[in-house]
Amino acid sequence: MTQPNHLTTSIDRRDSRSIKWTMYAPDVLPLWVADMDFRACETVVNALHERIDHGVFGYQGNSPELRAVLVERLARRHNMTVTPEQILFLPGLVLALNLAVLSFTQPGDAVLTLTPVYPPFLNAPKHGRDLITVPLAVATDGSRLHYTIDFDALEAAVTPRTRLFLLCNPHNPVGRVFTRAELEQIADFCQRHDLIIVSDEIHCDLLLEPDAHHISIAALAPEVAQRTVTLLSPSKTFNIPGLGLGFAVFHNADLLTQLQMASYNLGAFVNTMGYAAALAAYTQADAWLASTLDYLRENRDFVSAYAAEHLPGFPITHPEGTYLAWLDCRTLEVDAPATFLLEQARVAVNEGATFGAGGEGFVRINFACPRETLTAALDQMRAAIVGFRTVSEG
């Protein structure tokens, strides 16, 4: 089967000042920061050209067209019935996490989340709030890792000062797409302890199992929706993160007002190009997304098979969502496996310890790249690991 052009065309990303490709030396293969090495959909590129041709780039505070598209999409894909006014546009979800902490908690309050997790979840509560982390439970089945929520540990960790629960679903970095039963338990836990839920669902369109179905926790019941803020963005789905547009969905008017005020006071305005790109992506890029998902699924399977065959003793996740694999490198017995792989394999991956408790000794691998790049990086990692073990055992 012939691959679409955006999956086969080689692009030199160093010329674009890409963080992913310029952070390290030119001989380093980057499998770290979460963006894809694939060209965006041509309809998105064309929409940006049309916007540029207009020639005036003043402040843009709204997009009624995009709001209408999102209302329909939320109903169709998330089982959420909202009005256009229940959507708040933001420059990105990292900012949204910080705004949520500032808006919904006070100094001295506590924020609860599950680890290992995307590092901004750990940094957002540093505005004078206490961070409570609960490690996910992990099981190994042969060469595969599988993570679940330890609800007993959640109950033991929550305190009377806890006000906010930060959820990542699909989960970065372990790739879980939480089931309805798991989300119902989370919702019950948050209701019993009167916690506001901020649910980062930025990877919700990147599902790798053919029968996978993303469930937004806010869609479980009206009483759950009232305490939930859902964070979404086209950035990961359509590979346009540099254009800076995300949005928050509210069912509680008071929560919307609080976050809206905080975002306005901090000047959190969306890039005008982000509006144009998002509208084109959500209305014209379905075929692009479908072919990209097929390729990501094949890359996921390739990484899993490679680890099973060539990296014994290094179990890895088989992610249900995202384009991120989570590799257990603890048998290397080095303090920082990502540093080891950078120095010895010339491959850049994310250090697991930066994802919080339970991440030590792991690395995160971004497999959203051409198969040639992925194969070369894994081969270099394998050679470095084999060489290190040979020297250690000798």
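Model, not experiment: these values are computed from the prediction.

(A) Up close: the pattern of salt bridges. Following the criterion strictly, the structure yields 18 salt bridges and no others. The salt bridge partner of Arg73 is Asp205, with a shortest N-O separation of 3.2 Å. Here Arg73 is found in helix 4 (residues 64-78), whereas its partner Asp205 is found in the loop between strand 8 (196-200) and helix 9 (222-225), with 132 residues between them in sequence. Judged on exposure class, the residue Arg73 and its partner Asp205 are both buried. A salt bridge links Arg161 to Asp130; the nearest nitrogen and oxygen atoms lie 2.8 Å apart. Here Arg161, found in the loop between helix 7 (151-157) and strand 7 (162-168), pairs with Asp130, found in strand 4 (residues 130-135); they are 31 residues apart in sequence, far enough to count as distant. By sharing partners, the salt bridges in this structure join Lys20, Asp35 and Asp37 into a single network.

(B) Layout of the packing of helix 3 (residues 42-54) against helix 11 (residues 272-284). It is at 8 Å that the axes of helix 3 and helix 11 come closest, and there the two elements cross at 145°. Once helix 3 is placed against helix 11, the crossing between them reads as right-handed. Contact with helix 3, carried on its side by Thr43, Val44, Ala47, Leu48, Arg51 and Ile52, involves Thr272, Met273, Ala276, Ala277, Ala280, Ala281 and Gln284 of helix 11 and no other residues of that element. The residue inventory of the contact of helix 3 with helix 11, partitioned by class, reads 9 nonpolar, 3 polar and 1 charged.

(C) Just the pairing of strand 10 (residues 246-250), in detail. A large share of strand 10 lies buried, amounting to 5 of its 5 residues. Across the two faces of strand 10 the burial is the same, with Gly246, Ala248 and Phe250 and Phe247 and Val249 all buried. Pairing geometry for strand 2 (residues 87-90) and strand 10, over 4 bridges, is antiparallel. Bridge pairing in strand 10 links Leu88 to Ala248. Judged from the 4 bridges that link them, strand 9 (residues 228-232) and strand 10 form a sheet pairing that is antiparallel. Counted as the bridge partner of Thr230 is Val249 from strand 10.

(D) Geometry of the packing of helix 5 (residues 93-104) against helix 10 (residues 253-265). Closest axis-to-axis distance for the helix 5/helix 10 pair is 9 Å, and the angle between their directions is 115°. Judged by the sense of rotation from one axis to the other, the crossing of helix 5 with helix 10 is right-handed. Taken together, the residues of helix 10 that come into contact with helix 5 (itself represented by Leu99, Ala100, Ser103 and Phe104) are Leu255, Gln258, Leu259, Ala262 and Ser263.

Parameters and conventions
What you see as residue numbers is a count from 1 along each chain, following the sequence as written. The predicted nature of this model means local features are confined to residues of pLDDT at least 70 and side-chain atom pairs, given and counted, to a pLDDT of 80 or more, with totals for whole chains, interfaces and linings taken over all residues. The side-chain numbers reported here are obtained from all heavy atoms of the structure, hydrogens and water having been left aside. Between Lys or Arg on one side and Asp or Glu on the other, a salt bridge is scored when a side-chain nitrogen of the former is within 4 Å of a carboxyl oxygen of the latter. Numbering goes from the N terminus for both helices and strands, where a helix is a DSSP run of H or I of at least four residues and a strand is a run of E of at least two. Each residue gets one of three labels from its accessible area relative to the maximum for its type: buried under 20%, exposed over 50%, partly exposed in between, using a 1.4 Å probe on protein chains only. Where helices are involved, their axes are fitted lines through C-alpha atoms of the stretch in contact, as for all axes, and angles between N-to-C directions lie from 0 to 180°. For a crossing to be left-handed, the near helix must be turned anticlockwise from the far one by less than a right angle; the clockwise case is right-handed. The contact criterion used throughout is that any non-hydrogen atoms of two residues lie within 4.5 Å. Each residue gets one label: Ala, Val, Leu, Ile, Met, Phe, Trp, Tyr, Cys and Pro are nonpolar, Asp, Glu, Lys and Arg are charged, and the others, such as Gly, are polar. When DSSP finds at least two bridges between two strands, those strands are taken to pair.

By themselves these figures say nothing about function.
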